[in-house]
Amino acid sequence: QVQLVESGGGLVQAGGSLRLSCAASERTFSYYGMGWFRQAPGKEREFVGGIRWFDGRTDYADSVKGRSTISRDNGENTVHLQMNSLKPEETAVYYCAVNKRYYSTYSSRDYAYWGQGTQVTVSS
């Protein structure tokens, strides 16, 4: 079973940047791709962005579009999420997961092998 480990979270001031990483225990290229989600206390888990393995195509939630970039290290089974101009309302636990469908999807139900998450706290 694939295991995912997120890292890179921490405390950052509003307007700052963070780079999160998601390391997979094995190659996940047989799947469609990977996704990043976040969950704030008392809120549902929401899609942040995803990457398609076939061609590296990425897509993002409107709330982070233009401020976030997902990239991959093919040889290292690692995906990164670069987030800039962070806002206090983006404080949450950030998760990565494998897209088990054959299309881009924003629903957390379409993802599997969730990591333990990494806490991102944005101070005002």
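How each quantity is defined
- Residues numbered from 1 in each chain as written.
- Predicted model: local features only at pLDDT ≥ 70, side-chain atom pairs only at ≥ 80, totals over all residues.
- Heavy atoms only, no water.
- Helix = DSSP H or I, 4+ residues; strand = E, 2+ residues; numbered from the N terminus.
- Buried < 20%, exposed > 50% of the residue type's maximum accessible area, 1.4 Å probe, protein only.
- Contact = heavy atoms within 4.5 Å.
- Areas by Shrake-Rupley, 256 points an atom, 1.4 Å probe, with all protein chains shown as cover.
- Lys, Arg positive; Asp, Glu negative; His and termini not counted.
- Charge placed at Lys NZ, Arg CZ, Asp CG, Glu CD.
- Phe/Tyr/Trp six-rings, centres within 6.5 Å; stacked < 30°, edge-to-face > 60°.
- Salt bridge = Lys/Arg side-chain N within 4 Å of Asp/Glu carboxyl O.
- Pairing = 2+ DSSP bridges.
- Disulfide = S-S within 2.5 Å.

Q: Give me the overall build of the protein: which residues, what numbers.
A: Per the secondary structure count, the protein includes zero helices and eleven strands. Each helix (α) and strand (β) of the protein, taken in turn from the N terminus, gives the series β-β-β-β-β-β-β-β-β-β-β. Expressed as lengths along the three principal axes of its C-alpha atoms, the size of the protein is roughly 40 × 25 × 25 Å. Evaluated residue by residue, the protein yields a buried proportion of 46% over its 124 residues. Partitioning the contacts of the protein with sequence separation of at least 6, the portion at a separation of at least 24 is 56%. Carbon and sulfur atoms provide 45% of the accessible area of the protein, an area that totals close to 6,500 Å². Taken as two groups, the 14 positive and 12 negative side-chain charges of the protein have centres that lie 3 Å from each other.

Q: Which residues make up the packing of aromatic side chains, and what values go with them?
A: Counted by the stated rule, this structure contains eight aromatic pairs. Note on Phe 37 and Phe 47: the rings are 5.5 Å apart at their centroids and 80 degrees apart in plane angle, and the pair reads as edge-to-face. Here Phe 47 lies in strand 5 (residues 46-52) and Phe 37 lies in strand 4 (residues 33-39), a separation of ten residues in the sequence. An identical accessibility class is assigned to Phe 37 and Phe 47; each is buried. Site record: aromatic cluster; members linked through ring pairs are Phe 37, Phe 47, Tyr 95, Tyr 106, Tyr 111 and Trp 114.

Q: If you had to explain the environment of Leu 11 to someone new, which residues and values would you point to?
A: Inspection of the secondary structure assignment puts Leu 11 in strand 2 (residues 10-13). Separated by 77 residues in the primary sequence, Leu 11 and Pro 88 place their C-alpha atoms 10 Å from one another. Discounting chain neighbours no more than four positions away, the residues touching Leu 11 are Thr 121 and Ser 123.

Q: Explain the pattern of salt bridges to me, using residue names and the numbers behind them.
A: A full pass over the atoms with the stated rule returns six salt bridges. Glu 90 is the salt-bridge partner of Arg 67, the closest N and O atoms lying 2.7 Å from each other. Within this pair, whereas Arg 67 is found in the loop between strand 6 (58-60) and strand 7 (68-73), its partner Glu 90 is found in the loop between strand 8 (78-83) and strand 9 (92-99), the two being separated by 23 residues in sequence. There is no split in this pair, since Arg 67 and Glu 90 are both buried.

Q: Which residues make up the pairing of strand 3 (residues 18-24), and what are the values?
A: Here strand 3 lies mainly inside the structure; five of its seven residues are buried. As paired strands, strand 1 (residues 4-7) and strand 3 are joined by four bridges and run antiparallel to one another. Its bridge partner being in strand 3, Leu 4 is matched across the sheet by Ala 24. Pairing of strand 3 with strand 8 involves six bridges; the strand directions are antiparallel. Across the sheet, residue Leu 18 finds its bridge partner in strand 8, namely Met 83.

Q: Tell me about the state of the cysteines, and name the residues and values.
A: Under the criterion given, the structure shown has one disulfide. Bridging Cys 22 to Cys 96, the disulfide has an S-S length of 2.0 Å. Between Cys 22 and Cys 96 the sulfur-sulfur dihedral comes to about 70 degrees; the bridge is accordingly right-handed. One end of the pair, Cys 22, is in strand 3; the other, Cys 96, is in strand 9, and 74 residues separate them in sequence. The pair Cys 22 / Cys 96 is uniform in exposure class, with both members buried.

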